[in-house]
Amino acid sequence: KNLTSPSMEIVLFVVVTLIGIFLINYYTLHGNEVYKVAFLLIVLLGLFVVFLNPIAIVPDEDEHFARAITTSTGDFFPTYLEDKGFMSFQIVSDIVNNKGVNPVDSSLIESPGNFTSTYFHSIFQQNPFYGYLAQAVGILIAEMFSLPALFTFLFARLANLILYAILIAIAI
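Keep in mind that this is a model prediction, so the values were computed, not measured. (Residues numbered from 1 in each chain as written. Predicted model: local features only at pLDDT ≥ 70, side-chain atom pairs only at ≥ 80, totals over all residues. Heavy atoms only, no water.)

A. Expanded view of the packing of helix H3 (residues 61-72) against helix H5 (residues 133-144). Where H3 contacts H5, the axes come no closer than 8 Å and their chain directions differ by 70 degrees. Classified by the angle their axes make, H3 and H5 are roughly perpendicular. Handedness of the crossing formed by H3 with H5: right-handed. Along its contact with H3, which presents His-64, Phe-65, Ala-68, Ile-69, Thr-71 and Ser-72, the element H5 presents Leu-133, Gln-135, Ala-136, Ile-139, Leu-140 and Glu-143. Its residues assigned to classes, the contact of H3 with H5 comprises seven nonpolar, four polar and one charged. (Axes fitted to C-alpha atoms, helices over the stretch in contact; angles between N-to-C directions. Helix = DSSP H or I, 4+ residues; strand = E, 2+ residues; numbered from the N terminus. Parallel < 35°, antiparallel > 145°, perpendicular 65-115°, else oblique. Left-handed = near helix turned anticlockwise from the far one by under 90°. Contact = heavy atoms within 4.5 Å. Nonpolar A, V, L, I, M, F, W, Y, C, P; charged D, E, K, R; others polar.)

Written out as structure tokens, the structure is:
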């Protein structure tokens, strides 16, 4: 049986159908502005992925989050410390400890982001820092408003989604 929550599946189906109807109507009214339709489609459906995907369920998402956290602090070229790892923050370990948990059921929804210095085994040092700037902005916004740890993680995802939608709209 694939459905663990049939009522939620029905609600999501109805919401996605309504979004589809809205986008079809929008396209009908603004047919020559396909980039706007693409932007709205990516953002509206992407919000499901951002907020409904379990925490760090995407492969290597915890390492990418660790790199985004270090980028948000201005450490663009992290260094590996022998027998310790990369300098990071406790919030990354908190995310890893909640890996696979539904965001709504997570204890991170109430706990503040813990930015105590610690070490993490991998933060994708080989990837250029500019690939993490959007996530870093999302993290900084969450920090600026002292949001819980879960929202720090979700704002990083959200900033990535918005950047992706903008780039695709420009490409069209």
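B. Quick peek at the pattern of salt bridges. In this structure the tally under the stated criterion is three salt bridges. Salt-bridge contacts for Glu-33 lead to Lys-36; the nearest nitrogen and oxygen are separated by 3.4 Å. Here Asp-62 and Lys-99 are joined by a salt bridge, their closest N and O atoms 3.6 Å apart. Within this pair, whereas Asp-62 is found in helix H3, its partner Lys-99 is found in the loop between helix H4 (90-97) and strand E3 (117-120), the two being separated by 37 residues in sequence. Judged by its relative accessible area of 44%, Lys-99 falls in the partly exposed class. (Salt bridge = Lys/Arg side-chain N within 4 Å of Asp/Glu carboxyl O. Buried < 20%, exposed > 50% of the residue type's maximum accessible area, 1.4 Å probe, protein only.)

C. Representation of the pairing of strand E2 (residues 85-89) in the model. Counting buried positions along E2 gives four out of five residues, so the element sits mostly inside the fold. Linking strand E1 (residues 80-81) back to E2 in an antiparallel pair, the connection comprises three residues, with Asp-83 at a positive phi of about 65 degrees. Pairing of E2 with E3 involves four bridges; the strand directions are antiparallel. Counted as the bridge partner of Ser-88 is Thr-118 from E3. (Pairing = 2+ DSSP bridges.)

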